[in-house]
Amino acid sequence: MDIFADTADIEEIKKLNDLGIIDGVTTNPTLIAKSGRDLREVLGEICDVVRGPVSGETVSTDAEGMIREGRWLREIDDTYMVVKVPLTAEGIKACYQLSQEGHPVNVTLCFSANQALLAAKAGATFISPFVGRLDDLSLEGMQLIEDIRIIYENYEFDTRILTASARGPKHILDAAKIGSDVVTAPPKAIWQMLQHPLTDKGLKAFLDDWEKTGQTLGQVG
Ligand code: E4P
């Protein structure tokens, strides 16, 4: 499963990228606003660092505007930029047109399996079902991922399931168990995947015992 960082914070992205554990990045207008950066500049930098799919979101509400903005976003980096459009009728229309032109499209704000089915029919590269926001309403976000997985496999759609609005390591684990193609999560949740108290405790014991031997390791001569 690919892991995307859900952030426009370039420093956070660089730290994760240095570990070799992220495959791409997703942004949205809220995350760009939070970064305080110029959209074009920050997306370009992210593409240079990650060298994987980087989603940038359109802000028009009509298909024509989304298509224009999508083409503009792709000019930032025609290899890595992915055009993100909302799951509205206009967004689906824009997805169809942009996909026909060969642009990768991420259809966002998906909250039902029927919406995901339509996005796949319109040629979406990624579908982004928002699990955390469904959980916020006491609904089962992960059930949506399971349903979409079944539908896409039934009809062999190429659209990749990008589990979005993942809020912590449990969402990431559940998405992986279901067979989501990608999960996007805030950096904090990705760092939490690494942590285990028994790893810390075990390492401390090993280092304490090693010190008792009085030996050195890795020094030449
Ligand atoms: C996905 O691409 C979105 O940017 C994101 O996952 C939304 O997450 P949130 O519901 O925590 O805002």
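Trainee: Would you mind going over the overall build of the protein with me for this structure?
Mentor: The secondary structure content of the protein amounts to eleven helices and eight strands. Reported as C-alpha extents along the three principal axes, the dimensions of the protein are approximately 70 × 35 × 30 Å. Across the 221 residues of the protein, 47% fall into the buried class. Within the protein, contacts between residues separated by at least 24 positions form 57% of all contacts whose residues are at least 6 apart in sequence. When the accessible area of the protein is evaluated, it comes to approximately 11,900 Å², of which 52% is carbon and sulfur surface. Averaging the positions of the 22 positive and the 34 negative side-chain charges in the protein gives two centres separated by 2 Å.

Trainee: What's the story with the packing of aromatic side chains in this structure? I'm lost.
Mentor: Aromatic ring pairs are defined here through the distance separating the ring centres and the angle between the ring planes. One pass over the structure, following the stated rule, counts four aromatic pairs. Measuring from ring centre to ring centre gives 5.8 Å for phenylalanine 4 and phenylalanine 126, while their planes differ by 70°; the resulting arrangement is edge-to-face. Of this pair, phenylalanine 4 sits in strand β1 (residues 2-6) while phenylalanine 126 sits in strand β6 (residues 126-129), placing them 122 residues apart in sequence. One exposure class covers both phenylalanine 4 and phenylalanine 126, and it is buried. These aromatic residues form a ring-pair network of at least three members: Tyr152, Tyr155 and Phe157.

Trainee: Just checking my understanding: could you explain the pattern of salt bridges for this structure?
Mentor: Opposite charge on two side chains lets them pair, provided their charged atoms get close. Within the structure shown, the criterion is met by 13 salt bridges. Across the pair arginine 160 and aspartate 2 runs a salt bridge whose closest N-O atoms are separated by 3.4 Å. On the criterion of sequence distance, the pair formed by arginine 160 in strand β7 (residues 160-163) and aspartate 2 in strand β1 is long-range, its members being 158 residues apart. A residue is classified by how much of its surface remains accessible, and aspartate 2, at 23% relative accessible area, is partly exposed. A salt bridge links arginine 37 to glutamate 41, with the nearest nitrogen and oxygen atoms 2.9 Å apart. You can call glutamate 41 partly exposed: its relative accessible area is 45%. Because the salt bridges share partners, they merge into one network encompassing Arg37, Glu41 and Glu45.

Trainee: Quick question: what am I supposed to make of the side chain of aspartate 174 here?
Mentor: Relative to the elements of secondary structure, aspartate 174 occurs in helix α9 (residues 169-178). The buried category is assigned to aspartate 174, whose relative accessible area is 17%. Within the local environment of aspartate 174, its side chain forms a polar contact with the side chain of lysine 170, the two groups lying 2.9 Å apart.

The rules behind each value
Here the residue numbers are simple positions, counted from 1 along each chain's written sequence. Confidence filtering applies because this is a predicted model: local features only for residues at pLDDT of at least 70, side-chain atom pairs given and counted only at 80 or more, and all residues used for totals across whole chains, interfaces and linings. To get the side-chain values, take all heavy atoms of the structure and skip hydrogens and water. Counting from the N terminus, the helices are DSSP H or I runs at least four residues long and the strands are E runs at least two residues long. Throughout, exposure labels follow a simple rule: accessible area from a 1.4 Å probe, protein chains only, divided by the maximum for the residue type, with under 20% read as buried, over 50% as exposed, and the rest as partly exposed. In what follows, residue pairs with any heavy atoms lying within 4.5 Å of each other are defined as contacts. All accessibility values rest on the Shrake-Rupley procedure with a 1.4 Å probe; residue burial counts only the protein chains present in the view. Residues scored as positive are Lys and Arg, those scored as negative are Asp and Glu, and His as well as the terminal groups of each chain are ignored. Charge positions are represented by NZ for Lys, CZ for Arg, CG for Asp and CD for Glu. Any Phe, Tyr or Trp ring, taking Trp's six-membered ring, that has another such ring centre within 6.5 Å forms a pair; planes under 30 degrees apart are called stacked, those over 60 apart edge-to-face, and the others tilted. The term salt bridge refers to a pairing of a side-chain nitrogen on Lys or Arg with a carboxyl oxygen on Asp or Glu at a separation within 4 Å. Think of a polar contact as two N or O atoms within 3.5 Å of one another; within protein, one of them needs to be a possible hydrogen donor and the other a possible acceptor, and neighboring residues in sequence only count if both atoms come from side chains.

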